[in-house]
Amino acid sequence: MNIQKNLFICLMALSFYACDTNFAGNSEIGSNDSSIAGSYSTMLTVGNKLYTVSKEELSTFDISEKTKPKLIDQKMVGFQIENLYHNNGLLFIGSQTTLYIYAIDNQGIPNRKSATEYFSFGSEIEPCDPVIANDGYAYATLSSRNETGGPCSRTFEINELRTYNVINPEQPFLESTIEMKNPKGLSIDRDRLYVCEGEHGMKIFDLSQKNIPALITTVNTCQCYDIIIHNGLILAVGKKEIYQFQYGENQSLIQLKTILL
Amino acid sequence: MRLNILILCMSVFVASCIPEEKVVVQGMAPIYGDPDDFSKISFLPTQPSVNRGNILIYKNYILINERLKGIHVYDNTDPTSPVNVGFINIPGNSILTIDKDILFADNTLHLIVIDISDIKQPSYLTHISNHFKSSLIEELFPPNYSGDFECAKGGKGIVLGWEEKTLENPKCFTNN
């Protein structure tokens, strides 16, 4: 049994490397008739399955027949779920207190691999904000500041970018913590991690060392709360505007026209 | 949210201690809609953006949710000049994803399946009843607003928005 389990973990770990084609993504990037979402998504598709998280439950629908979606699985996850993210057959669910990891089996059913609490001292602190993952590492922003009207507690100041090693999704562990000002939505593209910090701008980290994001620069003019990247187009979502960038030389950012909402 | 509930409870408690007296104030009241009416799902001219929700990239479009109302559609074929081309009207909507030209969206209560092969002619296909029932409580206070409001009541339908109204003895208050 143990050998089997270890073998499974090995295979899982291998699959991370084998499957890591290039970009992180919330869905099957590449198909041009499906959507790419930011980091606050709570519903996404993988193959012919649709996954939704409500405040407490994770549901799986078979959507092979588009006029007849069929609920095939539903399980209790935890409380105050914030987001759902897919990477390489794993579903990452961020709640206000916990990072949950589910592995999708070959029937499309998610099974819990781990639940990692952000704090070991109870749930008195309820920071907001999502988790994303790529290539064996999960990145979560925790922030207690809330100017967008969400359900965050403000009883305790915490503003951090956490990096978890999830190469073994059954035993994630904290690799590094970076102090931030007000971290919100985030995204990964081309070995770069982009983190929106509201009025404090957008921070760009280098991920050459995936376990320790290294700050490259802060784009102060881009006051964003979430970020979506697809095909070299970077959308940073502000309160009343969407900033657009594309890559220039050496992955520098060229700002395009801002969409005013 | 926790704070809101606390304030709600406090105000009920305080109210119960005071002899009955009619208090009339200006505040917000919910606008209700019928969760089973899918006939309003349609493509409309551009609509004002008041309360932005999640954003998607889909084909050459940027789709921006307008909380509880639907989806702004921007044609971004040329990112140097994005054009707002219209609005997919889905009363009650705030959650969305698209797979193979099929839009999966909530209307606060149901999960709705909409064919958007032609984005300007969204076509309702089917829905899964009551899938988002457990999330309903999150919609029960007006966004970007501080002050008294009329508590939203289950059974009256889904909350599609909020309007200013003269309220008698409002039991709810928010500081958001």
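Preceding this paragraph is the structure being described.
Residues numbered from 1 in each chain as written. Chains lettered and ligands numbered in written order. Predicted model: local features only at pLDDT ≥ 70, side-chain atom pairs only at ≥ 80, totals over all residues. Heavy atoms only, no water.

**A few points about the state of the cysteines**
Note on terminology: disulfide describes a covalent bond linking the sulfur atoms of two cysteines. Residues and elements named next belong to chain A. Under the counting rule described, the total for this entry stands at two disulfides over all chains. Two residues, Cys196 and Cys224, share a disulfide whose sulfurs are 2.1 Å apart. Residues Cys196 and Cys224 are joined through a disulfide that is left-handed, its torsion about the S-S bond being -100°. Here the residue Cys196 occupies a position in strand S15 (residues 192-196), and Cys224 occupies one in the loop between strand S17 (214-219) and strand S18 (226-230), the gap between them amounting to 28 residues. When its relative accessible area of 0% is taken as the criterion, Cys224 is described as buried. We note that Cys222 lacks a disulfide partner, and the nearest cysteine sulfur, in Cys224, lies 4.0 Å from it. The exposure class assigned to Cys222 is buried, which follows from its relative accessible area of 0%. (Disulfide = S-S within 2.5 Å. Helix = DSSP H or I, 4+ residues; strand = E, 2+ residues; numbered from the N terminus. Buried < 20%, exposed > 50% of the residue type's maximum accessible area, 1.4 Å probe, protein only.)

**A few points about the sheet that holds strand S8 (residues 102-106) of chain B**
Residue and element names in this part refer to chain B. With antiparallel pairing, the four strands of this open sheet are ordered in space as S7-S8-S9-S10. Taken across any chain shown, the strands that pair with only one partner, and hence form the sheet edges, are strand S7 (96-99) and strand S10 (123-128). Between one strand and the next, the sheet's axes are offset by a mean angle of 25°, whatever the strand orientation. (Pairing = 2+ DSSP bridges. Axes fitted to C-alpha atoms, helices over the stretch in contact; angles between N-to-C directions.)

**Things to note about the sheet that holds strand S6 (residues 81-87) of chain A**
Residue and element names in this part refer to chain A. Strand order in this open sheet of four strands is S6-S7-S8-S9, and the pairing throughout is antiparallel. Every other strand in the sheet has two partners, leaving S6 and strand S9 (110-117) as the edge strands with one partner each. Mean inter-strand twist for the sheet, computed between neighbouring axes without regard to direction, equals 20°. Direction of pairing for S6 relative to strand S7 (residues 90-95): antiparallel, over a ladder of six bridges. Bridged to Asn87 within S7 is Leu90.

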